[in-house]
Each structure stands twice: as structure tokens, then as C-alpha cells.
Amino acid sequence: MVSTASSRVRYAQIEGAEDLLTPAFLDYVVAAYDKFADRVQEVRDKREAILRKALDEGIMPTFLPDSAADGDWQVPEVPGDLRLPGIEISGPVSITNMAINAVNPGPEGERAVGYLDDDEDSGGHRLVDTLSAARNRLGITERTLSFHNPVRGRTYTIADGDTPFFMHRERGWHLDEADFTVDGNPIPATILGMALTFAYGGKAQVERGQGLYFYLPKTELVEEAALYRDFFAFSSEHLGYPDDAVIRGIFLVESLPAVYIMDDLMHELGPYAAGLNAARWDLKASILEYIMNDPDMVWPDRFGVDIKTTDFMANIFRRLVAVCLRRGAVPIGGMATALPSRDNEVNEIAAASIRADKVWEAQQGFLRGWVAHIFHMKTASDPFKEYITDAWQPSEEMTNPDNYPVSIERPEGPITAAGSRRNARMIIEYVEGWLTGRGAKGIDSLEGKPGAHPALMEDLATGRISVAQMGQRIIHGAVCEDTEQAHDLALAKQFMQDELADILKYRKAAVAPEDEAALAAYHEQEERYNKAYKVSLRWIKNYTELNFRSLGTYTHADFERIAGEDDAF
């Protein structure tokens, strides 16, 4: 008998897709689509209206006038593993060898406490990636996942011992999955990704007595928390989860509107609420989008805006900790992005920076942070374990959110051509990775420059802030303090062309002229970088037009079309 749901669904032909997209699964996901898709669209419309009020009328987000979250209440008891101090390792779960490495011990022989198995900012945003993420989550849970790299002659397997707990991160409500349609309409990416997790990896976790935990990204409205709450309840019932299944969500505070509704989000999530995360780079990008029209709020170079020394940003995250402490929830800190180097001096500099950052977070009361690579895992983990012991008690000041008022300010620091060039290089490098299906990429934006500087694992969040800075500087004709040049489209294009040429110079220099295979691979890479340049110009031009469309809303067919057109500038 043909499933009615199956007849309504169309999806891209991907090898092995039917193993996951079974008739029973399609019945479930179509039922979820029918129940929630209209609410998803309402959320998108309201989010857009709030942003337009800020851009067109100067009316910024603020606290809710009548909040149901006022008064004394606490989230349900948070599971013990979510209360463990330490570090969570993050990376694209769709890339199998990286997923296996993430749950294995680091160089010092110890594992991360948790695994932020990301299918959002570091994911590839294609159906093939979403399905791979679902398989890998299930394979890790069942300890069957392996991967063989024939080029390197290496096989990746899960080492003995307990793996980190999962923190599943799906794509946000603002995104669709273009390669999977219901009645001809792209399905909201959250519905598909979260349904796959609930039906496969999540169900296997619950059957083993584990908690099913989600990071909830890009949230801007209380209505989004209600969507998650209702989706969790619907999925649990539809899939026959036991009544005592432990399901929890932690909101990423990475949008300006979310800063004002931290209490409200957890209150609305109700029985599933567990905590909040201080998502630094996306929050900076969101703030830049909301102030994009304000000539008095043009920000300095992004690498100079440090949370620890930028008071208004530090206050936002101290407030986050206070909200969590007041409500019995867990506060989770930000990412350490440095990647290992063959140069020990670079590694030592990176380690010192990571430790200082994580010491600061632990001192503010954060339980854990994130790290991008197992090489620096212990360095990032130790401060939390040293500070957040059984004897640790927050001060009275730390538990009162009113001690940390919210204000949005222009950080101190210079606007320089060097900073814009770093943004230009990062954008091109990042988009080149995106074109290969990678949402995260190791990038050294100071490549070839003197001094010791590690490559950083950059993802969509840092792409957003780099593009936002370029757009903001063009809109307001910001003058470079180091060159006295005023930003405009022509100057930005010159930066982009220069950085593209420099990138290709280094890539070609790494190829032996007599190595025909390597030379052919370089020419493919060169073509991809040229496409990335064109897509990058389109992305920046969008921001100058106050169109903050996510890179994740473009299909690869869109990218091919953009690469074949005249450049957007």
C-alpha cells in the first residue's frame, strides 16, 4: 500500500536515502509539516517585521512589556551530565571522520564532556549532509560508525570508553531544505533535521537511557520556543517515546532580540528547558544587522571586539549567567576556534589565548565552553574544572540579572583597511569551503603575514560578521585609519580582488609543477575560488541593500548561476 504521505513528498536522489526516508518516517515528517509549517511561516514574518522596524524606523528590540516569565520559577531539574564542568567539542556531524574524531580522546587521552554535533553553522546545508548527520548520530550512539580514507590509508573508528553526551544542533526555523519538498513546498529545515534525529539517533539514545539534548539556534521570538516545545511533545508521542524520556533544549543567545527574552524563552519551553548559551560571533553579526543603518554605530575591526574587554557585550553574557543561576538552568560559554599548527610557538600562543578566554568564562560562572579541535581540548576544559568545583558558589551579585543592564554600544577600536582585508580574505576562503559542502573551514586570515598566528576554524557565524562589517563600512563610507581611504564598492572590490590573487598565489606555490595530478587539482581549486569570489560579492552587496539573507538559503544551482553572471558590484 502506498503511503499518502510518500505521494506528497519529493526529494533529491541520494544514495541510501531510502534507508532513512522510509514510508513510516515520511508519514511522521509530513504530519509534522502539516502541524507546524504555518506556524513556522508566522515566526518568519514576525522576525522580519521586527528587523524592519529597527532598520526603517529605528525601533530596536527590547524587553517584553508583559512577560509571563516574571515571578519566581525554575526550569525542571537539569540532568546531571548537563551540569558537568568541562568542554564540548564542536564540528560538522555530517563529515564522518570529523564526527568520529570529535567523540574520541584528544592528545592527552581524555574526551570532551559533550559533543556539539553540528548540522547548522558548520553543516553543509544540503539534503545529503542532513542525511549523513542523521546516520552518523545513530552510528555513534550504536558505536558502529567507521570511516576509511583510501588516500591517506587511514581508518577511523570509535575508541573504547564512554563517548561525550550529544548536544544536537539542527538548522533554525528561518531555513528551508530545498532538496526535500512537501506538496511542492520546501520543508522547513528544522522540521526535517529534528525529525531525523528524533526518529533515529535520538530514539537510540533514549532506548539506552540517555538524555536527548538540543541546542536551539538563531532564536528571536518566544513563539519559537513554543514551536520547539510543541514539536518535542508531538514527536515524542508520534514515535512512542517512553513517558520518562529525558528531552532538553538549550537556547543559543545569538540574536539581539533573544538578549531581551532569555527568561521568556526558557519559561515557554517549559518541561524541556535546560539552559542558555553565549553564542558570541552570531550575536555580534545580529547586532550589526540591527544597527546597519546607524552611522554612529559603525564597528571597529572584528578581531578587536573581545567579549572580555567590551563591557556591554560582557554584561549581556553576565546577565545570561545570572538568568540561568536564578532559574536553576545551565550557562554555556563560547567557542575556542584555534587549530593546531606544525609550529610549536603558534600552538603555545593559541593555548595561552584559549586558557585566558576560558578562565574568564569560568570566573563569570559558565559551566562549559566549546572547542573546535581535540588538540586544544584539555587547555580549554581545565579552567572550568578548576573553577566550577563542588565547592563553588556564585556571589549574590552574579545571580541578579538587574546588575547587568542591556545596552548596545559602539565598541572602542580602529577601523582599518587591514581589518577589511582580513574580512575579505575570510569571506572568500569560507565560501570556497561552502561550495564543497563544508560549513566550517580552517582559515588563516593573516596568511603570509609576519608573526605567529594560528588558523581558526571559521563557520557561518564568522562569515556573517565579516560580511556585515564589509556592508556596514560601505553603506557609511567608513574611513580607514591606516590608509585614509573611504569604503565604497570600488574599494571593497579591490580588497576582494587583492585577497583572491594572494590566496591563489599561496595555493599554487604549494604545487610541484611536475606533479600533473596536483596541478589538475589546483586548477579545479582555482575555478572554485573564482566562483567563491563572485558569490562573496553577491553576499556583500546584499548587505549593502539591507538584505541579510543567509548563505544557507541559496542552493548550489543558485551559486552556479551567480558565478556565471556579471559580478554584483
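One can find the structure itself at the top, above this paragraph.
Bear in mind that the values here come from a model prediction, so they are computed numbers and not experimental data. (Residues numbered from 1 in each chain as written. Predicted model: local features only at pLDDT ≥ 70, side-chain atom pairs only at ≥ 80, totals over all residues. Heavy atoms only, no water.)

Undergrad: In this structure, what is going on with the overall build of the protein? I would like to understand it.
TA: In terms of helices and strands, the protein carries 19 helices and 16 strands. Its C-alpha atoms give the protein a radius of gyration of 23 Å, within 12% of the compact-globule value 25 Å for 569 residues. In terms of overall dimensions, the protein has a C-alpha envelope of 65 × 60 × 50 Å along the principal axes. A buried classification covers 58% of the 569 residues belonging to the protein. Expressed as a percentage of contacts within the protein between residues at least 6 apart in sequence, the contacts between residues at least 24 apart total 80%. Just so you have it, the protein exposes about 22400 Å², and 48% of that area is on carbon and sulfur atoms. (Helix = DSSP H or I, 4+ residues; strand = E, 2+ residues; numbered from the N terminus. Rg over C-alpha atoms; globule rule 2.2 N^0.38 Å. Buried < 20%, exposed > 50% of the residue type's maximum accessible area, 1.4 Å probe, protein only. Contact = heavy atoms within 4.5 Å. Areas by Shrake-Rupley, 256 points an atom, 1.4 Å probe, with all protein chains shown as cover.)

Undergrad: How should I be thinking about the pattern of salt bridges in this particular structure?
TA: For side chains bearing opposite charge, pairing can occur when the charged atoms are close. Tallied over the entire structure, the rule returns 53 salt bridges. One salt bridge in this structure joins Asp129 and Arg126, with 2.8 Å as the shortest N-O distance. Taking the relative accessible area as the measure of exposure, Asp129 reaches 6% and is therefore buried. Of the charged contacts in the structure, one is a salt bridge between Arg421 and Glu499, with a shortest N-O distance of 3.7 Å. One end of the pair, Arg421, is in helix H15 (residues 417-434); the other, Glu499, is in helix H17 (residues 489-509), and 78 residues separate them in sequence. Judged by relative accessible area, which is 27%, Arg421 ranks as partly exposed. Through salt bridges that share partners, Arg421, Arg425, Glu429, Glu432, Lys441, Glu447, Asp498, Glu499, Asp502, Lys505, Arg507 and Arg528 make up one connected network. (Salt bridge = Lys/Arg side-chain N within 4 Å of Asp/Glu carboxyl O.)

Undergrad: Would you take a moment to explain helix H6 (residues 189-199) for this structure?
TA: At 3.6 residues per turn, the α-helix brings residues three or four places apart onto the same side. Of all 11 residues in H6, 11 are buried, a share of seventy percent or more. Inspection of H6 places Ala189, Thr190, Ile191, Leu192, Gly193, Met194, Ala195, Leu196, Thr197, Phe198 and Ala199 among the buried residues, and these make up the whole buried set.

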